Amino acid sequence: MKRLHRAPLVLPVSGPPIVDGGVLCENGVIIEAGPYARLKGRGEVKDHAESILLPALINCHVHLELSHLAALGQGPSRLGDMTGWIAELLTARQDSTADGLAAARPVLDGFYQQGVGCVADIGNLPESGKIGAGRRVEVHFFLEMLGFSQRSADNALARMQESHWDCTGHAPYTNHARLLVAAKERARSRNHIFSIHVAESRAEIDFLRDGSGPLRPFIEERGFWDGSFVPPGCGPVTYLDRLGVIDEKTLCVHCVHVADEEIALLAARRAKVCLCPGSNNHLGVGSPPVEKMMGAGITLGLGTDSLASNPRLSIWEEMRLLRQEHPRLDPAAVLAMATRGGAECLGVTEAGALAPGKKAKIIAVAAPGITAAHAADFLTSAGNNVQVRWA
Ligand SMILES: [Zn+2]
């Protein structure tokens with residue numbers, strides 16, 4: 001049986017807003033989105049009065065297994081002290097007796113209530129891959145590899161060989177070059193995206209340029225400095241590109257400190273970028289050159305990162321923060337990051353827009369009296385105040 005969702009305003013994202021619009025669906029798939037007048041009579045009508053219909057949101061980056069460490073994400077900004085935060089995170093993870101998986105499930109359910117249909121979840125523990133089982137949000141889990149020294153890289157390579165999960169790298173400063181290359185090669189052979197933290201903090205830039213800054217002593221203190229790492233003398237995007245890691249299925253997360261030539265490189269490789277304004281804010285690492293990346297034509301998505309670096313996990317909040325930091329951004333472009341852009345970042349072609357053939361994952365946001373001209377502005381500036389229902 002066909003179902004025709006009707007609302008005063010439909011935002012397909014893949015096309016212009018439709019006033020008094022409809023979305024015709026059958027068996028969980030969208031057949032058509034268009035004016036109600038054109039679609040009426042073709043399906044049983046479900047009326048969403050005083051609402052905007054839009055595709056479910058996409059969260060391109062979260063670490064659900066850190067949900068029990070929310071205390072780390074509270075309080076004032078860390079003012080860019082990345083190594084201090086990582087040190088606290090490692091200690092908290094070691095000391096915590098809380099059940100990480102139990103804490104993660106309500107967070108995932110919370111995403112569903114916010115209208116998120118799909119998340120990319122990054123975890124270091126294979127058992128974290130089960131968090132999404134039986135939940136209503138579609139979870140794409142990636143087992144994240146760590147291994148900076150020769151020996152820890154060998155261990156990670158062995159783990160990766162045994163694992164049935166899709167694997168990914170953590171960052172240029174925590175992964176041996178050999179591990180980065182092997183993990184990307186494996187991702188390529190399995191045809192999944194390769195997500196990696198890139199250019200998140202100044203510390204990473206200094207470390208890759210000439211080994212200076214707080215990262216070297218941080219790595220030494222933890223016993224992972226074996227002298228095998230030689231600073232490449234360039235930025236992280238250039239470094240990863242030299243290793244062959246950057247391509248159209250690479251999702252570079254954060255990209256706060258990317259030089260103009262690295263933006264051009266990302267664009268040339270058609271790599272994707274996930275912005276995490278909430279986490280960047282809390283860690284105080286800075287704000288990415290979003291306008292430049294958009295100008296270069298890079299596909300952008302949004303990610304909340306984890307509760308350990310973000311007090312409010314919500315893509316609505318990420319949109320609001322991004323616009324607050326970059327007031328000149330077009331609201332429609334920001335909404336696209338949370339939907340179609342996110343879907344492209346994750347390679348989930350059946351999501352992110354209300355268009356024929358896409359999955360009927362549709363949300364209705366209460367917006368009495370809203371006009372087509374103001375809808376994107378409203379949706380991207382309301383933050384968590386939005387009232388969302390699944391259509
Ligand atoms: Zn992260």
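Residues numbered from 1 in each chain as written. Predicted model: local features only at pLDDT ≥ 70, side-chain atom pairs only at ≥ 80, totals over all residues. Heavy atoms only, no water.

Undergrad: With reference to specific residues and values, describe the coordination of the zinc ion.
TA: Distances from the zinc ion to its protein donors, namely His-61 (NE2), His-63 (NE2), His-197 (NE2) and Asp-305 (OD), fall within the range 2.1 to 2.5 Å. Around the zinc ion, the 4 donor atoms are arranged such that angles at the metal cover 82 to 169°; this shape is classified as irregular. Each donor residue of the zinc ion belongs to the same chain, and together they define the spacing H-x1-H-x133-H-x107-D. One end of the pair, His-61, is in strand β6 (residues 57-62); the other, His-197, is in strand β10 (residues 194-198), with 136 residues separating them in the sequence. Taking the relative accessible area as the measure of exposure, His-61 reaches 1% and is therefore buried. On the basis of relative accessible area, His-197 is assigned to the buried category, the value being 5%. (Donors = N, O, S within 2.8 Å, 3.2 Å for Na, K, Ca; no water. Tetrahedral: all angles 85-135°; square planar, octahedral: opposite > 155°, others 65-115°. Helix = DSSP H or I, 4+ residues; strand = E, 2+ residues; numbered from the N terminus. Buried < 20%, exposed > 50% of the residue type's maximum accessible area, 1.4 Å probe, protein only.)

Undergrad: How would you sum up helix α4 (residues 150-162)? Please name residues and give values.
TA: Given a rise of 1.5 Å per residue, 13 residues ought to cover 18 Å, and the 19 Å separating the end C-alpha atoms of α4 matches this to within 8%. Buried within α4 are the following residues: Ser-152, Ala-153, Ala-156 and Met-160. For α4, the buried positions fall inside an angular range of 100° around the axis, keeping them on one side. Within α4, the exposed residues directed more than 90 degrees away from the buried face are Arg-151, Gln-161 and Glu-162. Elements in contact with the buried residues of α4: β8 (138-145), β9 (166-169) and α5 (177-190). (Expected span 1.5 Å × (residues − 1). Arc of directions from axis to C-beta. Contact = heavy atoms within 4.5 Å.)

Undergrad: Tell me about helix α9 (residues 260-269), and please be specific about residues and values.
TA: Buried within α9 we find Glu-262, Ile-263, Leu-265 and Leu-266. An end-on view of α9 places all buried positions within 160° of arc, on one side of the element. In α9, the exposed positions angled more than 90 degrees off the buried face are occupied by Glu-261 and Ala-268. Along its buried surface, α9 packs onto α8 (236-242), β11 (250-254), β12 (272-275) and α11 (290-295). Remark: Arg-270 follows α9 within two positions and exhibits a positive phi of approximately 60°.

Undergrad: Describe the domain arrangement of the protein chain, with residues and values.
TA: Each domain of the protein chain was delimited in the assignment, giving domain 1 (3-55 + 354-390) and domain 2 (57-346). Just the C-alpha atoms count here: the centres of domain 1 and domain 2 sit 31 Å apart. Surface buried jointly by domain 1 and domain 2 totals about 1700 Å² across both partners, of which 63% is contributed by carbon and sulfur atoms. By the criterion of area lost to domain 2, the three top residues of domain 1 are Thr-380, Asn-384 and Trp-390, representing 36% of everything that side buries. Across the domain 1-domain 2 interface, the total number found is 3 salt bridges. For Glu-138, the salt bridge is made with Lys-359, and the minimal N-O distance between the two is 3.3 Å. Taken together, the connections running from domain 1 to domain 2 amount to 10 residue pairs in polar contact (both at pLDDT 80 or more). Elements supplying a minimum of two residues to the side of domain 1 that touches domain 2: β5 (51-55), β14 (362-366), α14 (375-381) and β15 (388-390). Considering every element that reaches the side of domain 1 that touches domain 2, the biggest residue donor is α14, with 5 residues. For the side of domain 1 that touches domain 2, the residue count by class is 12 nonpolar, 5 polar and 3 charged. (Domains from an automatic or database assignment. Buried area = accessible area lost by both parts, 1.4 Å probe. Salt bridge = Lys/Arg side-chain N within 4 Å of Asp/Glu carboxyl O. Polar contact = N/O pair within 3.5 Å; in protein donor to acceptor, adjacent residues only side chain to side chain. Nonpolar A, V, L, I, M, F, W, Y, C, P; charged D, E, K, R; others polar.)

Undergrad: Tell me about unusual backbone geometry, and please be specific about residues and values.
TA: One non-glycine residue, Glu-50, adopts positive backbone phi at about 50°. Among the structural elements, Glu-50 can be located in the loop between β4 (44-47) and β5. With a phi close to 60°, Arg-270 is a non-glycine residue in the positive phi region. On the secondary structure map, Arg-270 appears in the loop between α9 and β12. A residue is classified by how much of its surface remains accessible, and Arg-270, at 57% relative accessible area, is exposed.

Undergrad: Explain the environment of Cys-276 residue by residue, including any values.
TA: Looking at where Cys-276 falls in the secondary structure, it is placed in the loop between β12 and α10 (277-283). The exposure class of Cys-276 is buried, given its relative accessible area of 0%. Sequence-distant contacts of Cys-276, that is, excluding residues within four places in its chain, are made with His-61, Val-253, His-254, Gly-303, Asp-305 and Glu-318.

Undergrad: If you had to explain the packing of aromatic side chains to someone new, which residues and values would you point to?
TA: Summed over all chains, the structure comprises 8 aromatic pairs. With a centroid separation of 5.1 Å and an interplanar angle of 75°, the aromatic rings of Phe-141 and Trp-165 are classed as edge-to-face. Here Trp-165 lies in the loop between α4 and β9 and Phe-141 lies in strand β8, a separation of 24 residues in the sequence. Measuring from centroid to centroid gives 5.3 Å for Phe-148 and Phe-229, while their planes differ by 45°, and the two rings are tilted. Taken together, the residues Phe-148 in the loop between β8 and α4 and Phe-229 in the loop between α7 (215-221) and α8 connect sequence positions 81 residues apart. On the accessibility criterion, Phe-229 (12% relative accessible area) is buried. Joined through ring pairs, the aromatic side chains of Phe-148, Phe-207, Trp-225 and Phe-229 make up one cluster. Lying across the ring of Tyr-36, Arg-6 places its NZ or CZ 3.7 Å from the centre. Here the guanidinium or amino end of Arg-222 rests over the ring plane of Phe-218, the centre of that ring lying 3.9 Å away. (Phe/Tyr/Trp six-rings, centres within 6.5 Å; stacked < 30°, edge-to-face > 60°. Lys NZ or Arg CZ within 6 Å of the ring centre and 35° of its normal.)

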